[in-house]
Every structure is written in structure tokens, then in C-alpha cells.
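Structure at a glance
As a plain string of letters, each chain reads:
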Number of protein chains: 2
Amino acid sequence: MSLSSVKGSSKCTGGVDTDLGNKCSKIAFGWAQKTFCNRKGRTGLPVISGGGSFCNIMSFGALRIGMTSDGIGTKVELAERTGNYSSLGFDLVAMVADDLAANGVEPVNLSNILDVDFLDSEIVDELMKGLCEAAEFSGMAVTGGEIAELGKRIDGYGKRMHFNWCATALGILPEDREPITGNEVVAGDSVIALKSRGFRSNGFSAIRNIMREKFGDDWHNRIFKDKRSWGEVLQTPALIYSPLIMEIIRAGIPVHGIAHITGGGIPDNLGRILKVNKLGADLENIFSPLDFMLEIQSLGGVEEIAAYKMWNMGNGMLVIVPSEKVEQTLDIIAKTDYLAQKAGKIIDRPEILINSKGASPRLLSYEKTGK
Amino acid sequence: MSLSSVKGSSKCTGGVDTDLGNKCSKIAFGWAQKTFCNRKGRTGLPVISGGGSFCNIMSFGALRIGMTSDGIGTKVELAERTGNYSSLGFDLVAMVADDLAANGVEPVNLSNILDVDFLDSEIVDELMKGLCEAAEFSGMAVTGGEIAELGKRIDGYGKRMHFNWCATALGILPEDREPITGNEVVAGDSVIALKSRGFRSNGFSAIRNIMREKFGDDWHNRIFKDKRSWGEVLQTPALIYSPLIMEIIRAGIPVHGIAHITGGGIPDNLGRILKVNKLGADLENIFSPLDFMLEIQSLGGVEEIAAYKMWNMGNGMLVIVPSEKVEQTLDIIAKTDYLAQKAGKIIDRPEILINSKGASPRLLSYEKTGK
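The structure presented is a predicted model; accordingly, all values stated were derived computationally and were not measured. By convention here, each chain's residues receive numbers from 1 onward along its written sequence. Chains and ligands are labelled sequentially in the order written, the chains with letters from A and the ligands with numbers from 1. Reporting of local features is limited, given that this is a predicted model, to residues whose pLDDT is at least 70; pairs of side-chain atoms are given and counted only at 80 or more, and all residues count toward the totals for whole chains, interfaces and linings.

Alignment of copies: least-squares fit on C-alpha atoms of residues with pLDDT of at least 70 in both copies. With an RMSD of 0.0 Å, the operation that places chain A on chain B is a rotation of 180 degrees combined with a shift of 0.0 Å along the axis. When the rotation and shift are considered jointly, the pair of chain copies conforms to a two-fold rotation axis. Taking the C-alpha atom as reference, chain A places Ile154(A) closest to the rotation axis, 2.5 Å from it. An overlap of 100% is found between the interface residues of chain A and their copies at the interface of chain B, pointing to a shared contact surface. The contact rule is simple: place each C-beta atom from the backbone, and if two of them lie within 7 Å, those residues are in contact.

Written out as C-alpha cells, the structure is:
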């Protein structure tokens, strides 16, 4: 996320003090902005930050380097419940690599910080193995790491090592390209949706509340209809889109905007891009939510409009391209394992319309774009 | 810290399972190394990491960029106890900026991640104001930030917002310089000590144990002899040395090695540099510990040899220069607010001798250099 986002439990419960989160983000960004002048005329001066950006980009002479930090929040609890730690690395890399890619920045390096209560070398090994696999998938080198033992400052589920895990990623903007910020988006552009395979690292506090309410404390062991446990289903690792995005860019597609759908869902994350030019979108053909997403929405009685503000609902990334480039872009994607479809178009008013496909399908309207 | 260090409570208590910490570091570094090839022939390939390094340096074409991550561990509890949050930013910047500077890398950008249980905008404001001031002191721009609300996964002292705070810093290696790793150190070189003004962000678990044992749970309110509370005294923010180090380098001093004295004290951190060439050091004239450090050592009955392995004992950084450059270096430092003195010399055997100045002064010998 760019400077400075707030994510976590209160936002994910769909309204509890989102205002306070936004206030704290603004405070942090306000102070950070005052430091930009410290690099005036030198390397590391911010080129873009805030606004339509998912990461921050600094100039280092001719090079432009992107930087972003994020964590996997309370998705960690799933691993503590299932005892499977191997896939969290994909969730962590997805959060930061895809925030870079959303601005057209190629993810390059990653440093991670693991805060633990006490050490369990077996769990550390599983986490780092997963991180290594995810780094390979995204073409990044893990070039930094810190493990901090913080004792009682860290808590979690069960008796084994508890932890919180975050990362900062660096990337490089291709030499001949400007950052993708949304300022090239025009009415009539097309929106391509990339299918997700599960929840990313947001919205889990609401998910846990729903599951606990319905199935009790031991909810993760309950069996979902496909015979897997709910714990396993919900832990489905995030798909990392950055390799695909870089392939599309390298193929010369003039991508106008990319929204990485994390906390705040399509309305907030697409809105952040669209507000740059005060535009909107009509999404008549997005992907349907995964079956377990639908089930959770139903179990919790979550309103359609709230569900799309909280979860990705099956659409992990939205890519905006000129309408005449849609087929070429879809052809590129068709040669990969990613699933994509034309989802809608950019419209000339600040409104996001979603032909929803959740538990109670209807036409949703989010009237103001952006946060 | 470089890839991948473990810091925290167990190490700081002087022996409780340091082995497990080292094991986990090795596991993490082992997996990270496997990812280096992901950047072969491309930007972001690691140039130095591990060994005598405090950060990791990657090549970006002609540019070499340093990256390091660290946190301020349980020093946070001091702020929770005193209600003063304004100086923690200096502690955070010191940990990462000085790890970059220790390899001759100029700190440039910083991204921070604040994990909280719940948000308190007043505390966030104080923290970020302090970070802004520390960034200005070190000449860095804060170009990334994330605040994560993690509910019960975060705990601490008292009733207000609890948090853990970490950062990743980027820096740039001056164009005409190689990284300072210790491989230029030779026997006969001189060691210059830079005076510290208090504890850095390590060794606090041991400090808290000692204080609680002596003064009970409310120890931070007890008055130290200079009329300040123990909480205030122990919270003395870390001095950031990177601006001085960059000034020394810019003046053309051929610095051979720099040790940033954090967890593990002089033996581990100087040892890390010296082991590159299997050398040692005879430190006959280091700075004395601050009076409150001496008092804590006495209160806890901490053995001299253990105290120097745990705390900086008044010496925040050690700079190794050719002996004929000592006076010129000290002259440069004399024009600043930093305090320095010639502390000793490099010797031709892998042993660190310290003419100690703690509660029970004597000649200490640490026979193996490096971790």
C-alpha cells in the first residue's frame, strides 16, 4: 500500500471506525510529506505518492524505484488454526508485489520482518520456504529479513509460535514507461477483470466473526461442502498477478490503470484510480465470487453492497486498457494460467456500478469514487 | 540488520536460547539465498549480504542500493510506561539508517510499518512527528507507511494503544566507493569509538527484568539520581550516526570498517567485521558507560563480560581507519556535536580485548570474533 494506509480488523468489520483509520492514515501521510524535501535535488526524491498510487516511486538519477510495505494481517490466524504455514509467503508477496505492479513497477527485491512471541524453528522454516517459492513465482530476490522475538507483545491462536508478518518490496519502473497512476484513463476504456482464487489478506476479522457465530470456536475444523475443512478453504493463498501484469506491459499494451483489489474492495481500489480523472466505471460482467465466499456472505447475512466493499468477491485485479486493445490483452492472458474477462467500461461520471454476483445479485452503485 | 538476524527477548537475557535464534536466522538466510538467482543478469541482484555486512546491497545497473529492515523491539514499552511517544522515531531511524551507514551506504528512503491493537490518533501523531524529525536528522524521506490494526494479536503495557514498530530503509552507495565490509581492515588500523547517549533498541528485556526485580511493577516511576524518572532515563533516544559517517566518507577518509553496536554488543558487532580477515582488536580506551547503564549493571549484578555482550556500554559505533588517518578523522568529528576518541587498534589474531569500564572494570577477552 502507498503512504499511508490503515488496514485491519475495524475496517474489515464493515464500518467500525473506518473514519479513525482514515484519520490516522492522513496524519501519517502528512508527516511523511514533510520529509520529502529532505531528498530535494538528490536521489530518493518521491516522484509519485498518494493519489492514484498503490506504491511510492522515487527517482534515483535515471532510475525510478518503487517501494511499498504491507503485511498479511490476521490471515496468519488461519495458519495457526490449520497448522499449515507453507502458503503464507504467497499471501505476503501478493500484497506487496501486486501493489508495485498496479503502478507498472516490476517487483525486484523484498525484505520481510517476522515478529514472534517465541521462536519455533520448524514454523520459521515453513514460512521462509513458502516465501522463497512465492519470491520465485514473482521473480523477486529476498534481500532482507529480520526476526524479532517480542514475547508477550505478540499473541494469537493456539499454543505454538504466534507471529505477525510484514514486508517491504522494491521494484523498478521500466525505462521507457511512465508510472501507471490512472491519469491516462478516459471514458470508453475497457476494464478487464482477473479472477481471484480466494480471499487476499483483508476482511478476515469479519470472516472470523461470522464463522465463530455460526460454528463456534472450533470453526476451522468444520467441513465445507467440497470435503475440505473451512480452515483450509479460507487459507487458499492469494494469487500473485505481478508476472502477468509485467508481461502485458512488456507486450506493449498501453495500460491506463490497474486496481489491486484488497481492503475496501472494488469501490475503494478502483475508485482510487478513477478519481484521478473524476471518472467512473460500469462493471456489468465481473467474475462471480468463489463458492466459499458466497457461503460466508450468506452465513453472515452480509449485504451485497457491504460485501463488495470488504472482499474481492472473485476479482483480484482490474486492468484498464483502451477498448481497441482488449482482445490483444485477453489473447496474451489466454496463453497463461490466469483467467480474465472483459468486465465493463469506464464512464464519464464519478460512479462505480457493479452488476453484482454475490448472494443477492443486483445492480450496485457506489456514488463517489475514491477513498 | 542484514539477512537475517534475530533479535529480542531471549537473546537479550544473555544466553537463553541464543542458539535457537541463530538457527532461525540461518534457516531464513538459507531460503533467502535460494532467491538471489531470481535476479541473475537483472536489476536487484545482491552484491553483498551476510558476512561482514549490516545491510544488503543490490546492483541496479550502475547504482548500488542498500536495504535493511529492523524494529525497535520492546523499547516500545518505555513509551507505553512514560506516555512519551515523541522520541521512538529516533530509535527506529537509528536502527536502520546506521545499519546502512555501517556499510558505507547513504540512507535515503524509509518505509515503516506500525502494528497496533486498536488506533489512537494522538499516539499515531506523536510517533509520526518523531519519525519525521528523525528522518530530517538523517536526511531521509519517509516514502512508505502502513498501519495495521491487529486487535488481540498485539499486546503491551497499560491501557492505551499497544504497538510494534519496524522499518525498512533504502540507501545508495556513493558512486566511486566500494561497500565497507571489513575486508580492507588490516592489523595496525585504529579503532575510533563514537559515544552513545543511552541504550539503543536492544537488551531491554534484561533491563526490564532487573528493574522489576528491584523496584516492582511500577519501576519506571522511581526516580534516578539525576531527578528524572527511570522510565525517562531509559527512554533516552538513540543517537543517529549516519550523517557523521557520511561526512567522514565524503571527506575522503578511507574507512576500513564500521561496527554498529546493537544486540550482541561490541564482541558480536565488531567481531562480524573482523572475522572477514580473521583479525581481532585491542580496545584499551573505549568510552565509559552512561551512569544509568552502570547503575543497571550493578542492580542486576550483570557480569562485566555479559554486559558488554548485551549493551553498547557507552559506545554506539566503532569506526576502523588506517592509523595515519586517525587525527584527521577525529578533527572532522570534533567540528560536529558527536563525541569520539581513539579507542584502540586492530591486532593480528581473532580476539577482542576490551579494557572494560563497567561496574567491575577489568580486561575482557572474547576469543572468537564474529557470531
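Another point: the domain arrangement of chain A. All names here are of chain A. Here chain A is described as being made up of domain 1 (9–172) and domain 2 (190–366). As annotated, the domain borders come from an automatic or database domain assignment. The C-alpha-based centres of domain 1 and domain 2 are spaced at 20 Å. Each side of the interface is counted separately: domain 1 has 37 residues, and domain 2 has 36 residues. Secondary-structure elements contributing two or more residues to the side of domain 1 that touches domain 2 are helix 1 (9–12), helix 3 (76–82), helix 4 (88–101), strand 5 (106–116) and helix 5 (121–138). Counting residues per element, the side of domain 1 that touches domain 2 draws most heavily on helix 4, at ten residues. Side-chain classes are defined by residue name, with Ala, Val, Leu, Ile, Met, Phe, Trp, Tyr, Cys and Pro counting as nonpolar, Asp, Glu, Lys and Arg as charged, and the others, Gly among them, as polar. Of the residues belonging to the side of domain 1 that touches domain 2, the class tally is 16 nonpolar, 13 polar and eight charged. A run of H or I in DSSP counts as a helix once it spans at least four residues, and a run of E counts as a strand once it spans at least two, with each numbered from the N terminus.

With that settled, consider the nonpolar core. In these notes, a nonpolar core means any group of buried Ala, Val, Leu, Ile, Met, Phe, Trp, Tyr and Cys residues linked to one another through C-beta atoms within 7 Å. Field definition: a residue is buried when 20 or more other C-beta atoms are found within 10 Å of its C-beta, exposed when 12 or fewer are, and partly exposed for counts in between, with C-beta atoms placed from the backbone. Of all hydrophobic cores here, the largest spans 230 residues; its most connected members are Val93(A), Leu131(A), Leu318(A), Val93(B), Leu131(B) and Leu318(B). Once residues within four sequence positions are removed from consideration, Leu318(A) is found in contact with Val191(A), Ala193(A), Ala259(A), Ile261(A), Ile266(A), Leu270(A) and Ala343(A).

Our next topic: the interface of chain A and chain B. Many descriptions give the size of an interface as the accessible area lost when the pieces come together. Listed by partner, the interface residues are 78 residues for chain A and 78 residues for chain B. Here the side of chain A that touches chain B gets eleven residues from one element, more than from any other, and that element is helix 2 (residues 18–35) of chain A. Taken together, the residues that form the side of chain A that touches chain B break down as 33 nonpolar, 31 polar and 14 charged.

So, about the packing of helix 4 of chain A against helix 5 of chain A. Residues and elements named next belong to chain A. With their axes 7 Å apart at the nearest point, helix 4 and helix 5 run at an angle of 45 degrees to one another. Classed by the angle they form, the pair helix 4 and helix 5 counts as oblique. Relative to helix 5, helix 4 is oriented so that their crossing is right-handed. Across from Leu88, Gly89, Phe90, Leu92, Val93 and Ala97 in helix 4, the residues of helix 5 making contact are Leu127, Gly130, Leu131, Glu133, Ala134, Ala135 and Ser138. Lines fitted to the C-alpha atoms define the axes, with helices restricted to the stretch that makes contact. Angles between their N-to-C directions range from 0 to 180 degrees. Every angle not falling under 35 degrees, over 145, or within 65 to 115 is termed oblique; those three ranges are roughly parallel, roughly antiparallel and roughly perpendicular. In this scheme the crossing of two helices becomes right-handed for a clockwise turn of the near helix relative to the far one and left-handed for an anticlockwise turn of less than a right angle.

As a further point, take unusual backbone geometry. Residue and element names in this part refer to chain A. A positive phi angle, close to 50 degrees, is found at Lys278, a residue other than glycine. On the secondary structure map, Lys278 appears in the loop between helix 9 (265–274) and strand 10 (280–283). Here Met313, not a glycine, exhibits a phi torsion of approximately 50 degrees, which is positive. Counting through the fold element by element, Met313 comes out in the loop between helix 11 (304–310) and strand 11 (315–321). Owing to 27 C-beta atoms within 10 Å, Met313 belongs among the buried residues under this scheme.

Residues and elements named next belong to chain B. Counting buried residues along strand 11 (residues 315–321), seven of its seven residues qualify, which places the element largely inside the surrounding structure. The pairing of strand 8 (residues 190–195) with strand 11 spans six bridges and is classified as antiparallel. By the bridge assignment, Ser190 is partnered in strand 11 with Val321. Only strands joined by at least two bridges in the DSSP assignment are considered to pair. Relative to strand 11, strand 9 (residues 257–260) is paired through four bridges, and the arrangement is antiparallel. Note that in strand 11 the partner of Ala259 across the bridge is Leu318.

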